[in-house]
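Chain and residue survey
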Amino acid sequence: MAIADGEFYPGQSGTVEVVAGQLPSGNPVQIKAHVFRAYQPGPTVLFLGGVHGDEINGVEIIRRCLRGGIFKRLETGTVIAIPLLNIYGFNNFSRDVPDGKDVNRSFPGTKSGSLASRIAHGLSHNILTHVNLAVDFHTGGRGTYNYPQIRYNAEDLRAAEAAEAFAPPLIFANKAPAKSLRRHALKILNVPVLTFEGGENLRYDAHSIDVGVSGIARLLHQQGMLTKKPPAPDRTPVRITQSTWIRASRAGLFQWTKRSGFAVRKGEAIGIISDPQVGRLDKRIYAPRDGFLIGHANAAVVSQGDALFHIGE
Ligand SMILES: [Zn+2]
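As the structure is a computational prediction, the values presented were derived from the model and not from experiment.

This part is about the coordination of the zinc ion. Taken together, the protein ligands of the zinc ion are H52 (ND1), E55 (OE), E55 (OE) and H138 (ND1), with distances of 2.0 to 2.5 Å. Viewed at the metal, the four donor atoms of the zinc ion are separated by angles of 56 to 151 degrees, and the geometry they form is irregular. Mapped onto the sequence, the donors of the zinc ion take the spacing H-x2-E-x82-H. Note that E55 is positioned in the loop between β5 (40-48) and α1 (56-68) and H138 in strand β7 (residues 133-140), a separation of 83 residues in sequence. On the accessibility criterion, E55 (2% relative accessible area) is buried.

Now for the layout of surface pockets. Counted as a void, the largest pocket has a volume near 400 Å³. For the largest pocket, the lining is made up of 26 residues, of which R95, R105, R151, P177 and E197 are closest to its centre. Elements with a contribution of two residues or more to the lining of the largest pocket: β7, β8 (144-152), α5 (181-189), β10 (193-200) and β12 (243-247). Tallied by class, residues from the lining of the largest pocket come to five nonpolar, 13 polar and eight charged. Both domains that meet at the lining of the largest pocket, namely domain 1 (2-222) and domain 2 (242-312), each give it at least three residues.

Looking now at the sheet that holds strand β15 (residues 269-274). Strands sit in the order β16-β15-β13-β18 across an open sheet of four strands; the sheet is antiparallel. Strands with a single pairing partner mark the edges of an open sheet, and in this sheet they are β16 (283-286) and β18 (301-302). For strand β13 (residues 252-256) and β15, the ladder comprises four bridges, and the chain directions are antiparallel. The residue of β15 that forms the bridge with Q255 is I272.

All right, on to the nonpolar core then. Counting residues in each nonpolar core, the largest one holds 36 residues, and the members touching the most others are F47, F71, V79, F137, I216 and L220. Residues within four places of F47 in sequence aside, it is in contact with I62, F71, V79, I80, A81, I82, V135, F137, I216, L219 and L220.

Listed under "domain: Succinylglutamate desuccinylase/Aspartoacylase catalytic" (unreviewed entry) in the UniProt record, and renumbered for this structure, are residues 41-220. Across residues 41-220 one finds 36% helix and 24% strand; the C-alpha atoms that close the span lie 14 Å apart.

Attention now goes to the side chain of S260. Mapped onto the elements of the fold, S260 is located in the loop between β13 and β14 (263-264). Relative accessible area serves as the criterion here: at 1%, S260 is assigned to the buried category. Here the side chain of S260 touches H296 through a polar contact of 2.8 Å, side chain to side chain. Other than its neighbours up to four places away in sequence, S260 contacts Y145, Y147, L293, I294, G295 and H296.

Interhelical geometry of helix α4 (residues 157-166) versus helix α6 (residues 206-222) gives an angle of 125 degrees and a closest axis separation of 7 Å. Classified by the interaxial angle, the pair formed by α4 and α6 is oblique. Every pair of crossing elements has a handedness; the one defined by α4 and α6 is right-handed. Contacts from E161, A162, A165 and F166 in α4 reach V211, G212, G215, I216, R218, L219 and Q222 in α6. Here the residues of the contact of α4 with α6 are counted per class, giving six nonpolar, three polar and two charged.

Right, let's get into the packing of aromatic side chains. Summed over all chains, the structure comprises five aromatic pairs. Ring geometry for F166 versus F196: centroids 6.0 Å apart, planes at 50 degrees, classification tilted. Taken together, the positions of F166 in helix α4 and F196 in strand β10 put the pair 30 residues apart, joining distant regions of the chain. Judged by centre distance (5.7 Å) and plane angle (75 degrees), the rings of F254 and F309 are edge-to-face. Taken as a pair, F254 in strand β13 and F309 in strand β19 (residues 307-312) lie far apart in primary sequence, 55 residues in all. According to the relative accessible area criterion, F254 is buried, its value standing at 5%. Residue class for F309 comes out buried when judged on its relative accessible area of 0%. Taken together, the ring pairs in this structure connect F36, F47 and F71 into an aromatic cluster. Over the ring of Y145 we find R259; its NZ or CZ atom is 4.8 Å from the centre of that ring.

Turning our attention to the pairing of β7. In terms of burial, β7 is largely enclosed, as eight of its eight residues are buried. By the bridge criterion, four bridges tie β5 to β7 in an arrangement that is parallel. Each residue of the ladder has a partner; that of L46, found in β7, is A134. In terms of strand pairing, β7 meets β10 through six bridges, oriented parallel. Bridging from a neighbouring strand, F137 pairs with F196 of β10.

Calculation criteria
- Residues numbered from 1 in each chain as written.
- Predicted model: local features only at pLDDT ≥ 70, side-chain atom pairs only at ≥ 80, totals over all residues.
- Heavy atoms only, no water.
- Donors = N, O, S within 2.8 Å, 3.2 Å for Na, K, Ca; no water.
- Tetrahedral: all angles 85-135°; square planar, octahedral: opposite > 155°, others 65-115°.
- Helix = DSSP H or I, 4+ residues; strand = E, 2+ residues; numbered from the N terminus.
- Buried < 20%, exposed > 50% of the residue type's maximum accessible area, 1.4 Å probe, protein only.
- 1 Å grid on protein atoms, 1.4 Å probe; cavity = no way out; pocket = protein on both sides within 12 Å on 5 of 7 lines; lining within 4 Å.
- Points joined across faces, edges and corners; volume = space filled by probe spheres on them.
- Nonpolar A, V, L, I, M, F, W, Y, C, P; charged D, E, K, R; others polar.
- Domains from an automatic or database assignment.
- Pairing = 2+ DSSP bridges.
- Core = buried A, V, L, I, M, F, W, Y, C linked by side-chain atoms within 4.5 Å.
- Contact = heavy atoms within 4.5 Å.
- UniProt positions renumbered as here; feature names shortened; annotations may be inferred.
- Polar contact = N/O pair within 3.5 Å; in protein donor to acceptor, adjacent residues only side chain to side chain.
- Axes fitted to C-alpha atoms, helices over the stretch in contact; angles between N-to-C directions.
- Parallel < 35°, antiparallel > 145°, perpendicular 65-115°, else oblique.
- Left-handed = near helix turned anticlockwise from the far one by under 90°.
- Phe/Tyr/Trp six-rings, centres within 6.5 Å; stacked < 30°, edge-to-face > 60°.
- Lys NZ or Arg CZ within 6 Å of the ring centre and 35° of its normal.

Structural data, given as structure tokens:
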């Protein structure tokens, strides 16, 4: 297996750096990949963190797996682990790259495009071409908490099986956004991608990190790459097929009274918006239908129209 200027034979492991661009300081924008090959042939699985540079839980999940040595115990196949794709965003506490573009809306990317497009191209061209299955780790955006979940393309049976094997608390079959890694990988390369979501940006979430680390072990076992069976999850996943956002009907101070990870009944009070200057009465927020809270806002100050709860059915 040849990745950039690195060559990996069966039984061989190491790291390789793919140069995707340059920063104004002259430093290269590099994609650092850890490659682990077993002696026995098998699938190649990619674990990818930090496509959005401020989404730290995935970086930590892959770092822990690398540090814990699970990939060194592979019995078949290959793991490519990239803890941090978007180093610019990571250094700048930002989801995007300097031009404000989103790497996960820039696939497949081009060699001469924007920096986001070049990073996407570096990954598509050098890494994705080797891969049979990938897990792309994300979190909620600024002030938004996502309950740990796997999203996958409903029509892709391989992804459905992999999601079940990963066994997070929530499994959400939905369409991937245009020009996203998941959309591109399936459509062009026929590679199933699971999108992991857990926690919020710039913060560790212990629950999401634990779900991610144990899910990786279960997935590798399902792929026949690890023979030792990891522990089963402590509950069966809740399966979601559609979702809607509940938005703030007025601005003010927001507090949730029910958080994600719980079922809700139609008409149940789940949050409250208050006037900081005590002019108007509090406004209660009610669940518009039966469902399951898959995400919620942790922002204390909200504008009219801000997303407050993500409710799945
Ligand atoms: Zn993300």
